[in-house]
Amino acid sequence: MYKILVAECKQEISTFNPVETQYEDFSINRGEELFSAHRGIESEIGGAIEVFSERDDLELLPLWGARANSSGSLAQAGFDRLVTEFEQSLIAAKAGADAFYFSMHGAMGCTEELDPEGFLLQVARRILGPQIPIMISLDLHGILTQRMLDNCDALTIYHTYPHVDLASTGERAARLLLRMLDEDLKPTIARVVVPVLVRGDELKTETGVYGESIRRAQQLEQSGSALSAGMIIGNPFTDVPELCSQAIVVTNDDAEAAEEVALEMAEDFWGKRARMQAPLIAIDEAISAAKELRGTAIFADAADATSSGASGDSNSLLAALMEAQYEGKVLLPLVDPPAVQCAIEVGLGRCATFSLGGALDPRFSPIELEAKVAMLATGPYFFESWGNVQDAGDTAVLQAGSFTIVVTTRPVYLFDRSLFLAHGRDPRQFDLVVVKSPHCQERFFVEWAAENFNVDAPGSTSANLKSLGHTICQRPMYPLDDDVVFEPVVQHFPA
Ligand SMILES: [Zn+2]
């Protein structure tokens, strides 16, 4: 009988979003709650549970889990509290443990601790000792640090963007962990850091050039020549010392083979760096083109992508469309807690002047707008991407002439249509829809929309990476600096 411990800590932040994440922004699951939150859903732990449940010689111990939507840096006090909770749950459960699976995102960042996942893994290693295998899973946007690699035995990494393999990444982690127990594998990890940050449509793994790196990694895993492999691209908005792209290859006790492939993957990725940048269109050009368009125009606003860690309160496209006297029907989301409160006070069906946007990020100046409160709502709604729920808090739909603005209290993920549909607005019925997401996804928008414009708007998650002002990450870094030279260095874990 193997006793396997399971925990989770996931968030992705943008250092450039001034709204700090607080402890209260996390959904915390203790003990069994962790499995009830994940069973049967598209998540890493959901996938791991499926694999573990195929066996009857396992004792599973869900410890603790913390998940928060993307936002600004996590306040240090909040992180300290998460650490204490995790630590206590691990100490209470560690007796007789054979292995530990920790589901992480990898792109957390605190106001003080800039490697939170590394810190958590160090805590885990200290409590469990050197013999208990620690398996982690990561988003390919994670920042995998030296300290994380020093304190885990193996890892699995997402192989899709947009992410549709959360559960299968957990399944891969669980299978590998079981193999490590059953077959006494000795995972050895090779990594090669590539000083590159990437963005843009070429990152879509099905259609873009990044998919070639991923298919190489998948082929390594499927052929059995690697236990696990991936190409991690980091989250360019998490400005931490070890932000980078990196090739990761895990083999069974064959450091040489791991090294060879990691080098090959890293060099191949470096060669494609220029293609993996985002061509953006100026807002006024996009509006002129949209005016001529028949069918729905999508304005993908990556700069205010709540899923990448932006505040969601950008009104820059609203302002530009008003300024340009765009006459079509516009649908756009906005995070603005005071405006929602104002709408509640005004009441359903009534009109008032609202101050919209810039409530959180001083980059944006509020716009005064006469609008009617067309809908008031609250509570969780179904999230079409992953089948779980999102909760935007109190929400108001405001109607200002031809503009329909879905105003939420909390930031929620906006890369699909869920928020709009949950509030009675079908994007297909509009002439222009603002999608605050790094990419406009085929299945939700591109398949039916007339055209997608990747607009160059300001914001804390702009794909115009040079505009952000990185001060902490290692330099030189492409494309932040000119004349970046790549001299591949292989690191091995364990050393
Ligand atoms: Zn991601």
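Position numbers for residues start from 1 in each chain and track the written sequence from start to end. Reporting of local features is limited, given that this is a predicted model, to residues whose pLDDT is at least 70; pairs of side-chain atoms are given and counted only at 80 or more, and all residues count toward the totals for whole chains, interfaces and linings.

## Let's talk about the overall build of the protein chain
What the protein chain contains, in helices and strands, is 13 helices and 20 strands. Relative to a compact globule of 495 residues, whose C-alpha radius of gyration would be 23 Å, the protein chain shows 23 Å and is just as compact. Taken along its principal axes, the extent of the C-alpha atoms in the protein chain is 65 × 50 × 40 Å. Partly exposed residues are those whose C-beta has more than 12 but fewer than 20 other C-beta atoms within 10 Å; 20 or more makes a residue buried and 12 or fewer makes it exposed, with C-beta atoms placed from the backbone. Counting every position in the protein chain, which comprises 495 residues, the buried fraction comes to 56%. Residues are treated as contacting if the C-beta atoms built from their backbones sit within 7 Å of each other. Across the protein chain, the fraction of contacts at a sequence separation of at least 24, relative to all contacts at a separation of at least 6, is 76%. Secondary structure elements follow DSSP: runs of H or I no shorter than four residues count as helices, runs of E no shorter than two count as strands, and numbering proceeds from the N terminus. For a compact globule the rule gives 2.2 Å times the number of residues to the power 0.38, and the radius of gyration it is set against comes from C-alpha atoms.

## Observations concerning the pairing of strand S9 (residues 245–252)
On any regular strand, side chains alternate: one points to one face of the sheet, the next to the other face. Counting buried residues along S9, seven of its eight residues qualify, which places the element largely inside the surrounding structure. When DSSP finds two or more bridges between a pair of strands, those strands are recorded as paired. As paired elements, strand S7 (residues 187–194) and S9 share eight bridges and run antiparallel to each other. Counterpart to Val 192 in the pairing with S9 is Ala 247. In this sheet, S9 lies alongside strand S8 (residues 228–232) in antiparallel orientation, the contact comprising five bridges. Bridge assignment links Gly 230 to a residue of S9, and that residue is Ile 248.

## Overview of the nonpolar core
Nonpolar cores are built from buried Ala, Val, Leu, Ile, Met, Phe, Trp, Tyr and Cys residues. These are joined into a set through C-beta atoms within 7 Å. Of all hydrophobic cores here, the largest spans 165 residues; its most connected members are Tyr 101, Met 135, Val 249 and Phe 299. For the purposes of this description, domain bounds are those given by an automatic or database domain assignment. Here this core spans two domains, since at least three of its residues come from each of domain 1 (2–276 + 489–493) and domain 2 (283–463). Residue contacts for Met 135: discarding those within four places in its chain leaves Ala 99, Tyr 101, Cys 152, Asp 153, Ala 154, Leu 155, Ala 173, Leu 176 and Leu 177.

## A look at the sheet that holds strand S11 (residues 330–335)
Strand order in this open sheet of eight strands is S12-S13-S16-S17-S11-S18-S10-S19, and the pairing throughout is mixed. Bordering the open sheet on either side are strand S12 (351–356) and strand S19 (451–454), each of which pairs with just one other strand. Strand-to-strand twist across the sheet, computed as the mean angle between neighbouring axes with direction ignored, equals 35 degrees. With two bridges joining them, S11 and strand S18 (residues 432–435) adopt parallel strand pairing. Each axis is a line fitted through C-alpha atoms, taken for helices only over the stretch in contact, and angles between the N-to-C directions span 0 to 180 degrees.

## Some details on the packing of helix H9 (residues 283–291) against helix H10 (residues 316–323)
At their nearest, the axes of H9 and H10 sit 10 Å apart, and the two run at 55 degrees to each other. In terms of their interaxial angle, H9 and H10 are classed as oblique. Here the hand of the crossing between H9 and H10 comes out right-handed. In contact with Ile 283, Asp 284 and Ile 287 of H9, H10 contributes Leu 317, Ala 320 and Leu 321. When residues are grouped by polarity, Ala, Val, Leu, Ile, Met, Phe, Trp, Tyr, Cys and Pro land in nonpolar, Asp, Glu, Lys and Arg in charged, and all others, Gly among them, in polar. When grouped by side-chain class, the residues that make up the contact of H9 with H10 number five nonpolar, no polar and one charged. Geometric relationships in this document are graded by angle, where less than 35 degrees denotes roughly parallel, more than 145 denotes roughly antiparallel, 65 to 115 denotes roughly perpendicular, and other angles denote oblique. What makes a crossing left-handed is the near helix being turned counterclockwise from the far one by less than a right angle; a clockwise turn instead makes it right-handed.

## As for unusual backbone geometry
A cis amide bond links Tyr 161 with the next residue in sequence, Pro 162, at an omega value of -10 degrees. Look at the link from Phe 493 to Pro 494: it is a cis peptide, with omega at -10 degrees. One can find Pro 494 in the segment after strand S20 (490–493). One non-glycine residue, Asp 184, lies in positive phi territory at about 55 degrees. Here Asp 184 shows up in the loop between helix H6 (166–183) and S7.

## Describing the domain arrangement of the protein chain
Interfaces are often sized by the accessible area lost when the parts come together. Each assigned domain of the protein chain is listed here: domain 1 (2–276 + 489–493) and domain 2 (283–463). Taken together, the residues of the side of domain 1 that touches domain 2 sort by class into eight nonpolar, eight polar and five charged.

## Re the packing of helix H7 (residues 210–223) against helix H8 (residues 255–271)
Interaxial distance between H7 and H8 falls to 10 Å at its minimum, and their mutual angle equals 165 degrees. Classified by the interaxial angle, the pair formed by H7 and H8 is roughly antiparallel. As H7 packs across H8, the resulting crossing turns out to be right-handed. For the pair H7 and H8, the contacting residues are Ser 213, Arg 216 and Leu 220 in the first and Val 261, Met 265, Asp 268 and Phe 269 in the second. Classifying every residue of the contact of H7 with H8 gives four nonpolar, one polar and two charged.

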